[in-house]
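So you can see what is in the structure, the chains are spelled out below.
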Amino acid sequence: MTVSTEGMKVTWGSRSLRASVELLSSMRFSISLLTVICIASIIGTVLKQAEPLGNYVNQFGPFWAQVFSLLSLNTVYSAWWFLLILAFLVVSTSLCIARNTPKIFADLNQLKENVREQSLKAFGHRAEAALPEVPEVAARRIGQTLVQSGWKVKLQQRSGDGWMVAAKKGAANKLGYIAAHSAIVLVCVGGLLDGDMVVRAQMWLNGKSIYTGGGLIADVPAQYRLSDSNPTFRANLLVAEGTQSSTAILNQPGGVLLQELPFSIELKKFIVEYYSTGMPKLFASDIIIHDKETGEKIPARVEVNHPARHRGVEIYQSSFDDGGSSVTLKAIPMAAASKPFEIQGTIGGTSSLTNGRGEGAEKLTLEYTALRVINVENFASGGSMGSGADVRKVDLHQAIDTRLGAANKTVTQKELRNVGPSVSYKLRDAAGQAREFHNYMLPVKTDPGENSPAVYLLGVRETPAAPFQYLRIPVDPEGGMETFLRLRAALANPAQREMAVKRYADLAIGRDRPELAQQLAASASRALALFAGGGAEAAPGGNGKPVAGLQAISDFMEANVPEAERSRAGEVLVRILNGALFELAQMTRQQAGLKPLEQDDKTLGFMSQMVLSLSDAHFYPAPMAFELKDFTQVQASVFQVARAPGKTIVYLGCAFLILGVFAMLYVRERRVWVWVAPRNASGEGSPAEGLSVTESAENSGQHSQATMALSANRKTMDGDKEFEMLKTKLLQAPL
């Protein structure tokens, strides 16, 4: 039996209806639908699904973002056209199965014993042999041999004392067709049941709509809520430690639906363990399930791949989040007019700030976005082997070994270190524009040098797609950044700068050479003024403020010093700048009642980083930075709650698919025919005239002539070997 790709032929209805039924039930239509679903699934895999519209605009531009939204390519698996194709595929494949199944079952019991003996000579696998048995005895022996080898056999006696032996093996190959196609139907039905089809049906029939607003969950009206009797859903539920919730969030294109649960989940404790790389190794939740109907309290533990189950709802550990940790931040002034202050907030909340006084004061909103208690960073010194490598130190065996073996072996060695907590926040101006900041609580030693200081890292970026850029403020001998703040404030004060210049000139030249001291003081005064952004030569930068820092020194040198003398003049000017800044730092420490800095290599490293920090601070895009001083962490679990009636159907479909594919690929349907006829003295297939069969056999020494043929649904080398084996077993003389 050959499975046809044509559809059902109906004799009733109009011509268009008959053509539609034939197309819908044809295998070519099913294959076309399956191809479209595969292409859509590829799109859904490559293109991130259910992302905010802004993410698609940033990545692909506004035109393609609108195209994706219009065609629902950003929500492929819940798109109406995808569900419609699935429905058509179910109908088409079911009709294909209904059309071919009766033929397949009828063919299972057909051994085709009525094949003509002349037709056997047209088969690719055929053989003939003379047997020293009468046809009946030979046919029964051949049939018994085939039965013992697992073949289904039927004997047919024909006129002229001839016998046809028909056998069949591998009928499960056709059952594989039914199993594989039934699997497609079951998987699609399970996908439709567990998809958005039921939810959308409730929206159409029960007057539900998507909620696009904000506010508290308790204030959302009933028209945006699905009842706890909803037969299928997959939603997310965030529960903070010490709280409980019974309303999950069902994400929809353009908004959300609220899914009521027949129970509430209370999070007693959230447990998280980390690898040395900082990646989570284990996160689990100890919960209590409060049944709304019975009032029963059921303790349970939810881990990744180990869900809890209650009233037909699976509770999965999806991820974890901040549950509203409280933080205390200290404002670090980046402008001379700003003053330090402390502010308290909650992660996920906001605070209002004012920069400046009077009518020109700038209104800012501080948004607390994230608190990370553990930050594991790689501090390995990444160096590349260039032309300056010492060939005497190159170990070829080691170089090859580092590139072979397990996948976790890398050429670059890692030095992972936990640098402690960090806080992320956004500063949003009155126009709604925001920058994101990421600051570490503890100082970090980024340079392995012995005299290099530890630094506070203050990160900032303009867009979420950009990497953070860090301002590095060195830690002073008192363990803080107060020296940096005092020195920055003193730089903005012309009187303080002049006092520092005078001290520097007196120490460098002395008072016995006033002319030289005056020249040095003038150079130092100009260098400090340029560095502070207050020099007369300072031009406005891209942000409207005068250029300051080392960039201002560089611009001044290019404009006023010939190119041939810039290198020497630059070294002198930077040395003067460093000396004046050191005296300014000493002066500010003295004014603060602190002992002066020691003049050693450690102080040299501290001041070198201080100069860089003061130079970069001018480009910091906010009037203040916020240092994390204290926090109280509150963890939260993100659960995925799902009622999936189609899961069992999909599992059954997967089992059918495995059985069907194995049956079609590894089970070969084979048929064997052996025609056994009497043989006369001259070697013909019938007795000689006037002689009986017994007499003819006695004269010729032969009793019958056998013709054997084999057919298979696939031509393979195993088929050739099997034919040779059968020919030897069936057509050989019995012992």
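Thresholds applied
- Residues numbered from 1 in each chain as written.
- Predicted model: local features only at pLDDT ≥ 70, side-chain atom pairs only at ≥ 80, totals over all residues.
- Heavy atoms only, no water.
- Helix = DSSP H or I, 4+ residues; strand = E, 2+ residues; numbered from the N terminus.
- Buried < 20%, exposed > 50% of the residue type's maximum accessible area, 1.4 Å probe, protein only.
- Contact = heavy atoms within 4.5 Å.
- Areas by Shrake-Rupley, 256 points an atom, 1.4 Å probe, with all protein chains shown as cover.
- Pairing = 2+ DSSP bridges.
- Axes fitted to C-alpha atoms, helices over the stretch in contact; angles between N-to-C directions.
- Salt bridge = Lys/Arg side-chain N within 4 Å of Asp/Glu carboxyl O.
- Patch = residues over 30% accessible without salt bridge, like charges linked within 9 Å, V, L, I, M, F, W, Y side chains within 5 Å.
- Core = buried A, V, L, I, M, F, W, Y, C linked by side-chain atoms within 4.5 Å.
- Parallel < 35°, antiparallel > 145°, perpendicular 65-115°, else oblique.
- Left-handed = near helix turned anticlockwise from the far one by under 90°.
- Nonpolar A, V, L, I, M, F, W, Y, C, P; charged D, E, K, R; others polar.
- pLDDT = per-residue confidence, 0-100.
- Phe/Tyr/Trp six-rings, centres within 6.5 Å; stacked < 30°, edge-to-face > 60°.
- Expected span 1.5 Å × (residues − 1).

Peer 1: What is the right way to look at the overall build of the protein in this model?
Peer 2: Broken down by element type, the protein carries 18 helices and 25 strands. Going through the 735 residues of the protein one by one, you find that 41% of them count as buried. Sequence separation of 24 or more characterises 65% of the internal contacts of the protein that already satisfy a separation of 6 or more. Summed over its atoms, the accessible surface of the protein is roughly 40,200 Å², and 56% of this surface lies on carbon and sulfur atoms.

Peer 1: Can you help me understand the sheet that holds strand β1 (residues 125-131) in this one?
Peer 2: Strand-to-strand pairing in sheets goes through backbone hydrogen bonds, with the strands running parallel or antiparallel. One open sheet accounts for 5 strands, arranged β1-β25-β24-β3-β2; its pairing is antiparallel. The open sheet has two edge strands, β1 and β2 (152-158), and neither has a second partner. The mean inter-strand angle of the sheet, taken between neighbouring strand axes irrespective of direction, is 15 degrees. The sheet contacts of helix α6 (residues 135-148) involve β1, β2, β3 (162-169), β24 (670-678) and β25 (704-712), and relative to β3 the element is tilted by about 5 degrees.

Peer 1: What should I look at first to understand the pattern of salt bridges in this one?
Peer 2: Should the charged atoms of two oppositely charged side chains come close, the side chains can pair. Scanning the model with the defined rule gives 30 salt bridges in all. Note that Glu-669 is salt-bridged to Lys-168, the shortest N-O span being 3.4 Å. Of this pair, Glu-669 sits in the loop between α16 (646-666) and β24 while Lys-168 sits in strand β3, and the two are 501 residues apart along the sequence. Across the pair, Lys-168 and Glu-669 agree in class, each one buried. Between Lys-330 and Glu-482 there is a salt bridge; the shortest N-O distance is 3.2 Å. Linking Lys-330 in strand β12 (residues 326-333) with Glu-482 in helix α10 (residues 482-491), this pair joins segments that are 152 residues apart in sequence.

Peer 1: What should I look at first to understand a nonpolar patch on the surface in this one?
Peer 2: Taken together, the side chains of Leu-657, Ile-658, Val-661, Phe-662, Leu-665 and Tyr-666 present a nonpolar region at the surface, about 610 Å² in accessible area. Along the chain, Ile-658 turns up in helix α16. By relative accessible area, Ile-658 is classed as exposed at 51%.

Peer 1: Honestly, the nonpolar core in this entry has me stumped. Any pointers?
Peer 2: Grouped burial of nonpolar side chains is what soluble globular proteins tend to show. Within the largest apolar cluster, 68 residues are counted, with the highest numbers of intra-cluster contacts made by Leu-329, Met-334, Leu-366, Leu-427, Leu-581, Tyr-620 and Phe-626. Among the elements that take part in this core, helix α14 (residues 566-591) stands out by supplying 9 residues, more than any other. In contact with Met-334, other than residues within four places in its own chain, are Leu-458, Leu-471, Ile-473, Arg-488, Ala-617, Tyr-620, Ala-622, Pro-623, Met-624 and Ala-625.

Peer 1: Explain the packing of helix α11 (residues 494-508) against α14 to me, please; I cannot follow it from the model alone.
Peer 2: In a pair of packed helices, the angle between the axes and the distance between the axes together describe the arrangement. Direction vectors running N to C along α11 and α14 enclose 115 degrees, while the axes themselves pass 8 Å from each other. Relative to α14, α11 is oriented roughly perpendicular. Viewed along their axes, α11 and α14 form a crossing whose handedness is right-handed. Across the interface between the two elements, Gln-496, Met-499, Ala-500, Arg-503, Tyr-504 and Leu-507 of α11 pack against Arg-575, Ile-576, Gly-579, Ala-580, Glu-583, Leu-584, Gln-586, Met-587, Gln-590 and Gln-591 of α14. Of the residues in the contact of α11 with α14, the class split is 8 nonpolar, 5 polar and 3 charged.

Peer 1: For this particular structure, what's the right way to read the confidence of the model for the protein?
Peer 2: A low pLDDT means the predicted coordinates there should not be read in detail. Confidence in the prediction for the protein averages 84 pLDDT; 87% of positions are at 70 or higher. Ranking the helices and strands of the protein by mean pLDDT puts strand β9 (residues 297-303) first, with 95, and helix α17 (residues 693-700) last, with 42. For the stretch residues 382-394, pLDDT sits under 50, and the model shows 0 contacts to residues farther than four places along the chain or on other chains. Overall, residues 686-701 carries pLDDT values under 50, and its contacts beyond four positions in sequence, including any with other chains, amount to 17 contacts.

Peer 1: Just checking my understanding: could you explain the packing of aromatic side chains for this structure?
Peer 2: Remark: the centre distance and the inter-plane angle together describe each pair of aromatic rings, the angle taken between the planes. Applying the stated criterion across every chain, the model contains 17 aromatic pairs. When the ring of Phe-63 is compared with that of Trp-64, the centres are 5.2 Å apart and the planes differ by 75 degrees; the resulting orientation is edge-to-face. The class of Phe-63 is exposed, set by a relative accessible area of 55%. With a centroid separation of 5.9 Å and an interplanar angle of 40 degrees, the aromatic rings of Phe-437 and Tyr-620 are classed as tilted. Residue Phe-437 is found in strand β19 (residues 434-440), and its partner Tyr-620 is found in the loop between α15 (601-617) and β22 (624-632); the two are separated by 183 residues along the sequence. Exposure class is identical for Phe-437 and Tyr-620. Each is buried. Here the aromatic cluster, defined as three or more aromatic residues joined through ring pairs, consists of Tyr-56, Phe-60, Phe-63, Trp-64 and Phe-68.

Peer 1: Teacher, can you tell me more about helix α2 (residues 27-46) here?
Peer 2: Between its terminal C-alpha atoms α2 stretches 29 Å, which fits the 28 Å expected from 20 residues at 1.5 Å a residue. In the core, the buried residues of α2 are packed alongside α5 (80-108) and α7 (172-194).

Peer 1: Just to check I follow, could you spell out the sheet that holds strand β15 (residues 362-372) for this structure?
Peer 2: The strand order across the open sheet built from 6 strands is β14-β15-β18-β19-β20-β21, with neighbouring strands paired in antiparallel fashion. At either margin of the open sheet sits one strand with a lone partner, and together these are β14 (350-355) and β21 (469-474). Neighbour-to-neighbour, the strand axes of this sheet turn through a mean angle of 25 degrees, independent of strand direction. Sheet analysis places β14 next to β15, joined by 6 bridges and oriented antiparallel.

Peer 1: I keep staring at the packing of helix α12 (residues 514-532) against helix α13 (residues 549-560) and nothing clicks. Help me out?
Peer 2: Where α12 contacts α13, the axes come no closer than 7 Å and their chain directions differ by 125 degrees. As far as their axial angle goes, α13 and α12 are oblique. Pair α12 / α13 crosses with right-handed handedness. Contact residues: Arg-526, Ala-527, Leu-530 and Phe-531 in α12; Gly-549, Leu-550, Ala-552, Ile-553 and Phe-556 in α13. Grouping the amino acids of the contact of α12 with α13 by side-chain chemistry returns 7 nonpolar, 1 polar and 1 charged.

Peer 1: Can you help me understand α10 in this one?
Peer 2: The α-helix advances 3.6 residues per turn, and as a result positions three or four apart in sequence lie on the same side. A large share of α10 lies buried, amounting to 7 of its 10 residues. All of the buried residues along α10 are Thr-483, Phe-484, Leu-485, Leu-487, Arg-488, Ala-490 and Leu-491. On the buried face of α10, the contacting elements are β12, β21, α11, α12, α14 and α15.

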